[in-house]
Amino acid sequence: MEEQTIQTTADGKKLHATSAPRERAFLVGAELTGGRSPWSAEDSLQELALLADTAGLDVVGSTYQRLKQQFPKHFIGPGKAEEVAALRDELKYDLVIFDDELTPAQTRNLEETLKVQVLDRTGLILDIFATHAHTHEGRIQVELAQYKYLLPRLRRQWLHLERQAGGGGASAGGVVGLRGPGETQLELDRRMIGHRIALLERQIEEVHRHREQYRERRRKSGVPIVALVGYTNAGKSTLLNALSGANVRAEDRLFATLDPTTRQIGLPGGQQALLTDTVGFIQKLPTQLVAAFRATLEEIREADVLLHVLDITHKNAAQQTDTVLETLKELRADHRPVITVLNKVDLMDGVDEREVGRLAGELGLPDDYVAVSAQRGWGLEALLGRIEETLGQRMRPIEAFIPYKRNDLVALWHQRGVVDAEQYEADGTRISGRVPAAIAAQIAPFRLSGDGAGA
């Protein structure tokens, strides 16, 4: 059904504008007593409401239940399920979204009890990702995750066949007579999805091979990689734009940017680096997405330095920090050097530098954070200086005498490394400083030994 808006023009004519109404969603969460999650049920449901809005839904209400453990049949208790069902006539909701991943059986049982469509947090996030994936790589990664999520849930698509069976049961030829075609179609669907998953996995492997070739070229070039990581909507894309002059889409909403973007930036000493924006993290990140986005998330593990961008103004900044650090650990990227970037300080009216430091201390953040406003360009020079300093600590000290016929190596040193001293002599350039490991290997034939003789 479409919603109609009637407008009248100056000459009295009526114009009918039509638009599809947004679906109405009711949210359900659970707080497990004794659980280790830093998120309260209320805060997690508020985030779920933002996800629902991003997906184009209107949230008409929410509820949660404290549980020692989830119930196998409905996830929540049977009484709570009946309570949610009783609200349907009053709130007119079209679907119910649970703030955790449901099993296929739980989804079926809930739909029978609530008489509406039931979606879980994973399905909602996958739907948002499907909308925001614009590159070929992003689309195949999301499609693969969706099929892996759908496969164990296929059976409920065929429950209507059982409902069509007569009341006489198997002896009357009811369910038995219809079960065959249903099961046959179900198996066909499973086989088709299995083939599609296999094809998508081969395509993902091809993407992985291409990315690995690209990374190998980058390693040989010695260009350092700086990766932006952080909670979704922390301002990573805005910071990428501010540092590189790029024009990457940046919106004040969850998962506005999905596909990774890499841009070149210049550091204060003249060194060049590549800055990569990665997909934002979120609590309860679906395992299907972590697996499907392996090729993209590997950019994080390949980075020389990680910029952990944190929205210091968010009320759940502490929980978001824990989520990001835990996700980095899951990705085995927690050993990389991390620069903590406190973003959006321009929104903290009346808050001075000391107060920002106090907030950072309460969050358990390192003392060497950099406070910036990506939107207004505050603190960017200090951040670039910190990036250069951190990269310099990972470079190898070296002294060399490079003949003029290999001036390309001197230029590469200036571009990729740090020059401490440089002297021009009759046959070449005596130079010392620090360079990335890949550049050091190229300069090795011209390296000077401790007594100053040629290597």
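Presented here is an overview of the structure given in this document. (Residues numbered from 1 in each chain as written. Predicted model: local features only at pLDDT ≥ 70, side-chain atom pairs only at ≥ 80, totals over all residues. Heavy atoms only, no water.)

Re the nonpolar core
Here is a general trend for soluble globular proteins: nonpolar side chains tend to be buried in one another's company.
So, step 1. Judged by nonpolar contacts, the single largest core of 40 residues is most densely connected at Leu51, Ile97, Leu124, Phe255, Phe281, Ile300 and Leu328.
So, step 2. If one sorts the elements of this core by residue count, helix H5 (residues 121-132) sits on top with five residues.
So, step 3. Ile97 has contacts with Ala25, Phe26, Leu27, Val28, Leu48, Ala52, Leu57, Leu119, Asp120 and Leu124, leaving out every residue within four places of it along the chain. (Core = buried A, V, L, I, M, F, W, Y, C linked by side-chain atoms within 4.5 Å. Buried < 20%, exposed > 50% of the residue type's maximum accessible area, 1.4 Å probe, protein only. Helix = DSSP H or I, 4+ residues; strand = E, 2+ residues; numbered from the N terminus. Contact = heavy atoms within 4.5 Å.)

Some points on the sheet that holds strand E12 (residues 370-371)
So, step 1. Taken together, the six strands give an open sheet; going across it, the order is E8-E9-E7-E10-E11-E12, and neighbouring strands pair in mixed fashion. The open sheet is flanked by strand E8 (261-266) and E12, the only strands paired with a single partner.
So, step 2. Pairing between strand E10 (residues 305-311) and strand E11 (residues 338-343): six bridges, direction parallel. From the neighbouring strand, Leu306 faces E11, where its bridge partner is Val338. (Pairing = 2+ DSSP bridges.)

Re helix H1 (residues 41-54)
So, step 1. For H1, spanning 14 residues, the distance from its first C-alpha to its last is 20 Å, which sits close to the expected 20 Å at 1.5 Å a residue.
So, step 2. Taken as a whole, H1 has its buried residues at Ala41, Asp43, Ser44, Leu45, Glu47, Leu48, Leu51, Ala52 and Thr54.
So, step 3. On its buried face, H1 is in contact with strand E3 (23-32), strand E4 (57-67), strand E5 (95-98), H5 and helix H12 (317-330).
So, step 4. Backbone geometry just downstream of H1 places Gly56 in the positive-phi region, at approximately 85°. (Expected span 1.5 Å × (residues − 1).)

Considerations on the pattern of salt bridges
Pairing between side chains of opposite charge can happen when their charged atoms approach one another.
So, step 1. Tallied over the entire structure, the rule returns 21 salt bridges.
So, step 2. Residue Glu31 pairs with Arg66 through a salt bridge whose shortest N-O separation is 3.2 Å. One end of the pair, Glu31, is in strand E3; the other, Arg66, is in strand E4, and 35 residues separate them in sequence.
So, step 3. Two residues, Arg430 and Glu425, come together in a salt bridge whose shortest N-O distance is 2.9 Å.
So, step 4. You can call Arg430 partly exposed: its relative accessible area is 26%.
So, step 5. Linked through salt bridges whose partners overlap, the residues forming this network are Glu47, Asp99, Asp100, Arg121 and Lys284. (Salt bridge = Lys/Arg side-chain N within 4 Å of Asp/Glu carboxyl O.)

Side note on the packing of helix H9 (residues 236-244) against helix H14 (residues 380-393)
So, step 1. Running from N to C, H9 and H14 point in directions that differ by 85°, and their axes come no closer than 11 Å. Classified by the angle between their axes, H9 and H14 sit roughly perpendicular to one another. Residues Leu239, Ala242 and Leu243 of H9 form the contact with H14, whose own contacting residues are Leu380, Leu383 and Leu384.
So, step 2. Residue classes in the contact of H9 with H14 are distributed as six nonpolar, no polar and no charged. (Axes fitted to C-alpha atoms, helices over the stretch in contact; angles between N-to-C directions. Parallel < 35°, antiparallel > 145°, perpendicular 65-115°, else oblique. Nonpolar A, V, L, I, M, F, W, Y, C, P; charged D, E, K, R; others polar.)

A word on the side chain of Glu47
So, step 1. Here Glu47 lies in helix H1.
So, step 2. Residue classification places Glu47 among the buried positions, given a relative accessible area of 7%.
So, step 3. Separated by 2.4 Å, the side chains of Glu47 and Arg121 make a polar contact.
So, step 4. With sequence-adjacent residues up to four places away left out, Glu47 is seen in contact with Trp39, Arg121, Tyr231, Leu254, Ile282 and Gln283. (Polar contact = N/O pair within 3.5 Å; in protein donor to acceptor, adjacent residues only side chain to side chain.)

Quick word on the pairing of E3
So, step 1. As defined by bridge partners, E3 adjoins E4 across ten bridges and the pair is classed as parallel. Counterpart to Leu27 in the pairing with E4 is Ser62.
So, step 2. Taken together, the four bridges between E3 and E5 define a ladder with parallel strand orientation. In the sheet register, Leu27 faces E5, and the bridge partner there is Ile97.

Details of unusual backbone geometry
So, step 1. A positive phi angle is found at Lys92, which is not glycine, with a value near 55°.
So, step 2. What makes Lys92 exposed here is its relative accessible area of 53%.
So, step 3. The phi torsion at Lys115 lies on the positive side, around 65°, for a residue other than glycine.
So, step 4. Here Lys115 lies in the loop between helix H4 (104-114) and strand E6 (117-120).

So, the layout of surface pockets
Rolled over the atoms, a probe sized like a water molecule indicates the empty space that remains.
So, step 1. Taken as a whole, the largest pocket spans an internal volume of roughly 970 Å³.
So, step 2. Residue assignment for the lining of the largest pocket shows that the elements contributing at least two residues are E3, H1, H5, helix H10 (287-292) and H12.
So, step 3. No other element matches H12, which puts five residues into the lining of the largest pocket.
So, step 4. The class makeup of the residues in the lining of the largest pocket is ten nonpolar, twelve polar and ten charged. (1 Å grid on protein atoms, 1.4 Å probe; cavity = no way out; pocket = protein on both sides within 12 Å on 5 of 7 lines; lining within 4 Å. Points joined across faces, edges and corners; volume = space filled by probe spheres on them.)

Brief notes about the environment of Glu353
So, step 1. Locating Glu353 in the fold gives a position in helix H13 (residues 353-362).
So, step 2. Note on Glu353: relative accessible area 70%, which makes it exposed.
So, step 3. Taking the C-alpha atoms as reference points, Glu353 and Ala371, 18 residues apart in sequence, are found 8.7 Å from one another.

Focus on the packing of H5 against helix H6 (residues 136-150)
So, step 1. Packing of H5 against H6 brings their axes to within 10 Å, and their N-to-C directions diverge by 155°. Looking at the two axes, H5 sits roughly antiparallel to H6. Here H5 runs over H6; the crossing is left-handed. For the pair H5 and H6, the contacting residues are Thr122, Gly123, Leu126, Phe129 and Ala130 in the first and Val142, Ala145, Gln146 and Tyr149 in the second.
So, step 2. Considered class by class, the residues forming the contact of H5 with H6 number six nonpolar, three polar and no charged. (Left-handed = near helix turned anticlockwise from the far one by under 90°.)

Comments concerning the sheet that holds strand E15 (residues 428-435)
So, step 1. Strand order in the open sheet formed by three strands is E13-E15-E14, with antiparallel pairing between adjacent strands. The open sheet terminates on both sides in strands that have one partner only, identified here as strand E13 (396-403) and strand E14 (418-424). Averaged over all adjacent pairs, the angle separating strand axes in this sheet is 15°, with direction ignored.
So, step 2. Here E14 pairs with E15 via six bridges, running antiparallel. Bridge pairing links Val418 to Arg434 in E15.
So, step 3. Packing of helix H15 (residues 407-416) onto the sheet brings it into contact with E13, E14 and E15, and relative to E15 it is tilted by some 30°.

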